[in-house]
Amino acid sequence: MGHSGINVLFEGRNFTRLLGGLWTSVWIAVLSLIIGLALGALFGVLRTSKSRLVKVIFRIYLEFFRIVPTVVLLFLFYYILPRQFNLSWPASVMAVIAFALWVSAEFSDIVRGALISVPKIQRESGLALGLNKWQLFIYVLLPQAFQLELPATINLATRVIKTTSLLMMISVMDVINVGQQIVEANNQTNPNGVFWVYGLIFFLYFIVDYPLSLWAKRLSKRNEA
Amino acid sequence: MSWAIIQQSLPQFVKGFQVTVWMSFVGIIGAMVVGLCCSLIQYFHVPVIDKIVSAYVELARNTPLLIQLFFLYYAFPVIGLKMSAITCGLIGLIFLGGAYMAEAFTGGFDGISKNQIESGEAIGMSKWQLARYVVFPQGFALSVPAIAANIIFLIKETSIFSVIAIPELTNTALDLIGLYYHSNEYLFVLVIAYAIILIPLSLLLTWLERRVRYGTFGD
Amino acid sequence: MTEKILEVEDLNKFYGNKQVLHDISFSLNKGEVLTLLGPSGSGKSTLLRCLNGLEEFKSGTIIFEGKKVIPTAKNWQQLRQKIGMVFQSYDLFPNMTVLENILLGPVKVQKRPKAEVEKEAKALLKRVHLEQYANSYPRQLSGGQKQRIAIVRALALHPDLMLFDEVTASLDPEMVRGVLELIKQLSDEDHMTMIIVTHEMNFAKQIADQVLFLENGTIVEDTPGKEFFEHPKTKRAEEFLESMEF
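Structural notes, computed from the coordinates. Being a predicted model, the structure only gives us computed values, none of them experimental. Residue indices begin from 1 for each chain and proceed along its sequence in written order. Chains and ligands are labelled by the order in which they are written, letters from A for the one and numbers from 1 for the other. For this predicted model, a pLDDT threshold of at least 70 governs which residues receive local features, and a threshold of 80 or more governs which side-chain atom pairs are given and counted, while totals over whole chains, interfaces and linings are taken from all residues. Side-chain measures were taken over the full set of non-hydrogen atoms in the model, leaving aside hydrogen atoms and water.

Observations regarding the overall build of chain C
- On a plain count of helices and strands, chain C comes out with nine helices and 10 strands.
- As defined in this context, the radius of gyration uses C-alpha atoms, and a globule is described by 2.2 Å times the residue total to the power 0.38. In terms of overall size, chain C behaves like a compact globule, its C-alpha atoms giving a radius of gyration of 18 Å where 246 residues would be expected to give roughly 18 Å.
- For each residue, the accessible area found with a 1.4 Å probe, counting protein chains only, is set against the maximum for its type, and the residue is called buried under 20%, exposed over 50%, and partly exposed in between. Within chain C, the proportion of its 246 residues that are buried is 54%.
- Contacts in chain C between residues far apart in sequence, at least 24 positions, make up 68% of those at least 6 positions apart.
- All accessibility values rest on the Shrake-Rupley procedure with a 1.4 Å probe; residue burial counts only the protein chains present in the view. As displayed, chain C has an accessible area near 11,400 Å², and 47% of this comes from carbon and sulfur atoms.
- For the charge count, each Lys or Arg is scored as positive and each Asp or Glu as negative, with His and the chain ends excluded. Think of each charge as sitting on NZ of Lys, CZ of Arg, CG of Asp or CD of Glu. Taken as two groups, the 31 positive and 35 negative side-chain charges of chain C have centres that lie 8 Å from each other. Put simply, DSSP marks the helices as runs of H or I at least four residues long and the strands as runs of E at least two long, and each gets a number from the N terminus on. The criterion used for residue contact is that any of the two residues' heavy atoms lie within 4.5 Å.

Laid out in structure tokens, this is it:
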């Protein structure tokens, strides 16, 4: 396999560089998820409120993020925030903000769906014990909603991980961007390297996302049973 | 925000719009055909092929479209398969979408209640008759919401075609920004263009979902 | 003269334009058992749910322990600690163990010390012969067991009045007896004041001090228990008793 090109992966610091790029993708995904899920849980609870105004506002928020492709979202934050608000934060921070808001919109819908699908009688028997609205949320509705929403939340996480592949488009040094640089640097000496570099990245995404999807599938089967 | 700039850019955006629309259309139809074939193979447990189908579905669903496109566009020529960007884009979208559509159809077939299947069996239906008269008609109806969600998802994914320089909407906006720097205007037009495609479509799909749900089974 | 715990005057309730309860008036003495009887759809459960604030009513007065109930969410939340309710479908919280289900109200709502309540809860569980299930989850229990736990959960709040909404209707026949015995005990030994909606006529006959017979949302008859079963005043009640064939 001397000339198959696989050696590109291990030449010099290439492998370490790829792992470094992977780390960038991972922390952006994790941070966006943490912020997005926290915000989304809050928005989801608000979306079950009786106020029409609150409902409409959060619905529009959700639909905006549903309609705009994530690539476009990244560009909106990357080009418009710095210019309109005079912010000069690094692209990775812009990406976290964009992803976190997107996650919060998607998650708010998941939380809302789960909350309204907790059976009405569960809510009533909580009330019958004298629980107030807040206690009802904390002890009865949220824990039950959590179980219902877990598979969808894991699926959302796998989408966020896949979406980090778009980071290269706003010049974040993620795993794909590093990969592309390595491919270009070795194009003359090792034209087959491209196969291995992109193959490895393909595989890296797969080994992160596949177990998560399997887990989500198992959980949702159990919820149905 | 300047209207003049927007106006000047419109002809280019119209071209990009056309590319996005026709590629989405072909890609989605292709994805539905691939998805349906895959889910039928899984439903009838065709030996060996069903394992290959499962592997394909998992691979395609758990990797990003962007890296799938890079592979097709940059890595395949190394093994002697050179294709145009447009061909790569369509193959990528069908590869990704086929897996999602397969899951949608399979989900529908799996969603039919056991009682329905058992009452079919009770009147002596064969597996094929059961599929033909009970599982498929009800399963298609059940899979409509997931298919609708996939259609919207796949149209949005075409924005990623811009990485291999297919002149669709997003790529058009990026090119214009690169040339003239009017990012506010071009991004505004870009968002509106996606809204023009997706809002009516999502309303149409919601309407269709309702019709299927209430129309077919009357509850 | 016995003390009145609950008085209801001219209660009217609508679902949209449809009136489902018409001028309901009755009163209940402390320590007594009132059973609500009547055909399905007569408004029994709706009436019961109005008494716990789970349904809003259009007009009328509820006086509980001498005080007129002002029907705000906050007041009902306070009152529900005094008025326990048990539902047909038991509705234990599936995310909590049996003990946690019982402790939730007393500890979180009434802020009583956990150790004290836990001792009491265990005694109550022992009384219903379910002490070995304290740390089980509801899904591990049979319907009859769940329903007895649901009753314990309501009792743990030390209510002055208990409402039972068809609590045996979704149980297998062999499970019904244990639950009914428990309710009978509560009446005989604890002198608990109770309002019971049921289709178990034999049980109603044994336990009722007073019967309200409802039809189409109206009280057709308000009679002492024994008398209702032996000499119903109205033709409708007579037909109803005959149709139940107990």
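Picking up after the structure, the text goes on.
So, the interface of chain A and chain B
- With 35 residues of chain A in contact, the opposing surface of chain B contributes 35 residues.
- When chain A packs against chain B, close to 3,300 Å² is buried across both sides, 75% of that on carbon and sulfur atoms.
- Joining two parts hides part of their accessible area as seen by a 1.4 Å probe, and the buried area is that hidden amount summed over both. When the buried surface of chain A facing chain B is broken down by residue, Ile67(A), Phe195(A) and Phe202(A) rank first, second and third, together holding 20% of it.
- Within this document, salt bridges are pairs made up of a side-chain nitrogen of Lys or Arg and a carboxyl oxygen of Asp or Glu, the two lying within 4 Å of each other. Counting across the chain A and chain B interface gives two salt bridges.
- A salt bridge links Lys217(A) to Glu103(B), with the nearest nitrogen and oxygen atoms 3.6 Å apart.
- Within 3.5 Å is the distance limit for a polar contact, defined as a pair of N or O atoms, with the added protein rule that one can donate a hydrogen and the other accept it, and that residues adjacent in sequence qualify only through two side-chain atoms. The interface formed by chain A and chain B holds five residue pairs in polar contact (both at pLDDT 80 or more) in total.
- If you list the elements that add at least two residues to the side of chain A that touches chain B, you get helix 2 (52–67), helix 3 (70–85), helix 7 (175–185) and helix 8 (193–224) of chain A.
- Sort the elements by how many residues they give to the side of chain A that touches chain B and helix 8 of chain A lands first, with 12 residues.
- Polar here means any residue other than Ala, Val, Leu, Ile, Met, Phe, Trp, Tyr, Cys and Pro, which are nonpolar, and Asp, Glu, Lys and Arg, which are charged; Gly is therefore polar. For the side of chain A that touches chain B, the per-class residue count stands at 24 nonpolar, six polar and five charged.

Considering the packing of helix 4 (residues 85–110) of chain B against helix 6 (residues 127–157) of chain B
All names here are of chain B.
- The axes are straight lines fitted to the C-alpha atoms, using for helices just the contacting stretch, and the angles between their N-to-C directions are given from 0 to 180°. The contact between helix 4 and helix 6 brings their axes to 7 Å, and the two run at 150°. Between helix 4 and helix 6, the angle is such that the two are roughly antiparallel. Crossing handedness for the pair helix 4 and helix 6: right-handed.
- For the contact of helix 4 with helix 6, the class distribution of residues is 16 nonpolar, five polar and one charged. Throughout, the term roughly parallel applies to angles under 35 degrees, roughly antiparallel to angles over 145, roughly perpendicular to angles from 65 to 115, and oblique to all others. Left-handed describes a crossing in which the near helix is turned anticlockwise from the far one by less than a right angle; the clockwise case is right-handed.

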